[in-house]
Amino acid sequence: MQDEQQQQQDGGEGATVGGSLLSDIVYEIVSSPVNLALVCIISFLLYKISKTRQPPATLPPPPPELPRLRRDFTLAELKQYDGTQPDGRVLTAVNGNVYDVTKGKAFYGPGGTYAAFGGRDASRGLATFQITSSVSDEYDDLSDLNSHEMESMREWEMQFKEKYYLVGRLLKPGEKPTNYSDEDEDTPTDGSDVRKRAAAAATAAKSADEPARAEAAKSGSTSSSSSTGATASESQGDAAEADKAKSE
């Protein structure tokens, strides 16, 4: 009986000592700003270590790239490409040209800031800075826009040319579509290929003109030599005639 009481007493003292030690440690940490900062740093490092050991999250695969279009559209045909169809393609028209703005779907697709322009003619809206009220199902010839509004629309069109691919033209009522060749299907709107072709053509033309220029220069040199020879002969003839006159 006495042994049991002694064990209980020893256990109570041990618990008291342990609790007192833990309280002292907590008090030392809380009472000292340095110790508190060290505890925060150690906790942060342990958190970072645990995060780095976790497997990286797998990103969803990017959406497949759509084949490029090269054709003209009527307003009714353009309206079908507002991003809600299965392939998600988004087209919009600016100043009579149709552009593929699918890579800007966050802006021109469903739920985007300019979703009203998806599958529509955005010319008037960009010119007047009005989005929803400027969209119409009828062909808009933009004849009532002033010079400032037309300039604003052209500036927007330049941005579209730099960012997006040209698909074709927005057809007027009764206008027939253009039959584009396969060579033009992959031509970007920035005109880089066109500039390259123009530079190559200019280089070829210059190379073709060089022999003609050389021949012309050679002919000019020959003519100059002949002229010089003729002048010398005339001088000699004049001198001979002068000598003959003196002798007479």
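Source: prediction; values computed, not measured. (Residues numbered from 1 in each chain as written. Predicted model: local features only at pLDDT ≥ 70, side-chain atom pairs only at ≥ 80, totals over all residues. Heavy atoms only, no water.)

### Quick look at the overall build of the protein chain
Inference 1: Broken down by element type, the protein chain carries seven helices and three strands.
Inference 2: A total of 248 residues make up the protein chain; the buried ones form 22% of that total.
Inference 3: Across the protein chain, every contact between residues at least 6 apart in sequence was considered, and the portion connecting residues at least 24 apart equals 57%.
Inference 4: For the protein chain, the exposed surface amounts to about 17,800 Å²; the carbon and sulfur share of it is 56%. (Helix = DSSP H or I, 4+ residues; strand = E, 2+ residues; numbered from the N terminus. Buried < 20%, exposed > 50% of the residue type's maximum accessible area, 1.4 Å probe, protein only. Contact = heavy atoms within 4.5 Å. Areas by Shrake-Rupley, 256 points an atom, 1.4 Å probe, with all protein chains shown as cover.)

### Comments concerning the confidence of the model for the protein chain
If pLDDT is low for a region, its predicted coordinates should not be looked at in detail.
Inference 1: Overall, the prediction assigns the protein chain a mean pLDDT of 74, with 60% of residues at 70 or greater.
Inference 2: Here residues 183-194 scores under 50 on pLDDT; set against residues more than four positions off or in separate chains, the count is 17 contacts.
Inference 3: Considering only residues more than four positions removed or in separate chains, one finds that residues 244-248, a stretch of pLDDT under 50, has zero contacts. (pLDDT = per-residue confidence, 0-100.)

### Examining the environment of A115
Inference 1: In this structure, A115 sits in the loop between α4 (105-108) and α5 (123-128).
Inference 2: Sequence spacing of A115 and G83 is 32 residues, and the spatial spacing of their C-alpha atoms is 9.0 Å.
Inference 3: Not counting chain neighbours up to four residues away, the residues in contact with A115 comprise F107, Y108, G109 and P110.

### Focus on unusual backbone geometry
Inference 1: Unusually for a residue other than glycine, N95 sits at a positive phi of about 55°.
Inference 2: Residue class for N95 comes out partly exposed when judged on its relative accessible area of 28%.

### Describing the nonpolar core
Inference 1: In terms of nonpolar packing, the biggest core is built from 15 residues, with V101, Y108 and F160 touching the most fellow members.
Inference 2: Of all elements in the fold, only α5 and α6 (147-163) reach the threshold of two or more residues within this core.
Inference 3: Ranked by residues supplied to this core, first place goes to α6 with three residues.
Inference 4: Membership of the second largest hydrophobic core comes to nine residues, among which are L78, Y81, L91 and L170. (Core = buried A, V, L, I, M, F, W, Y, C linked by side-chain atoms within 4.5 Å.)

### Re the pairing of strand β2 (residues 97-100)
Inference 1: Here β2 shows a buried face lined by N97 and Y99 and a second buried face lined by V98 and D100.
Inference 2: Here strand β1 (residues 91-94) runs beside β2; their pairing, made up of four bridges, is antiparallel. Within β2, the residue paired with L91 across the bridge is D100.
Inference 3: Count of turn residues in the β1/β2 antiparallel hairpin: two residues, of which N95 carries a positive phi of about 55°.
Inference 4: In this structure, β2 lies alongside strand β3 (residues 165-169), joined through four bridges in antiparallel fashion. When the sheet's bridge partners are listed, D100 is paired in β3 with Y165. (Pairing = 2+ DSSP bridges.)

### Describing the packing of aromatic side chains
Inference 1: Going through the model one piece at a time under the given rule, you end up with seven aromatic pairs.
Inference 2: Where Y114 meets F117, the ring centres are 6.0 Å apart and the plane angle is 10°; that geometry is what we call stacked.
Inference 3: For F117, a relative accessible area of 2% gives the class buried.
Inference 4: With a centroid separation of 5.6 Å and an interplanar angle of 55°, the aromatic rings of F160 and Y164 are classed as tilted.
Inference 5: Relative accessible area serves as the criterion here: at 2%, F160 is assigned to the buried category.
Inference 6: Assessed through its relative accessible area of 9%, Y164 is described here as buried.
Inference 7: Here a set of aromatic residues connected by ring pairs shows up, and it is made of Y99, Y108, Y114, F117, F160 and Y164.
Inference 8: Directly above the aromatic system of Y165 lies the positively charged group of R68, at a separation of 3.9 Å from the ring centroid. (Phe/Tyr/Trp six-rings, centres within 6.5 Å; stacked < 30°, edge-to-face > 60°. Lys NZ or Arg CZ within 6 Å of the ring centre and 35° of its normal.)

### Things to note about the side chain of N97
Inference 1: Relative to the assigned elements, N97 resides in strand β2.
Inference 2: Excluding its chain neighbours within four sequence positions, the residues that come into contact with N97 are T92, E157, L166, G168, R169 and L170.

### Structural notes on α6
Inference 1: With 17 residues, α6 extends 25 Å from end C-alpha to end C-alpha; this agrees with the ideal 24 Å at 1.5 Å per step.
Inference 2: Here α6 has its buried residues at E149, M150, S152, M153, E157 and F160. Relative to the axis of α6, the buried residues are bounded by an arc of 160° and lie together on one face. Projecting away from the buried face of α6 at angles above 90 degrees are the exposed residues S147, H148 and E162.
Inference 3: Considering only its buried residues, α6 is in contact with β1, β2, α4 and α5.
Inference 4: Its side-chain oxygen 3.2 Å from the backbone nitrogen of H148, N146 forms the N-cap of α6. (Expected span 1.5 Å × (residues − 1). Arc of directions from axis to C-beta. Polar contact = N/O pair within 3.5 Å; in protein donor to acceptor, adjacent residues only side chain to side chain.)

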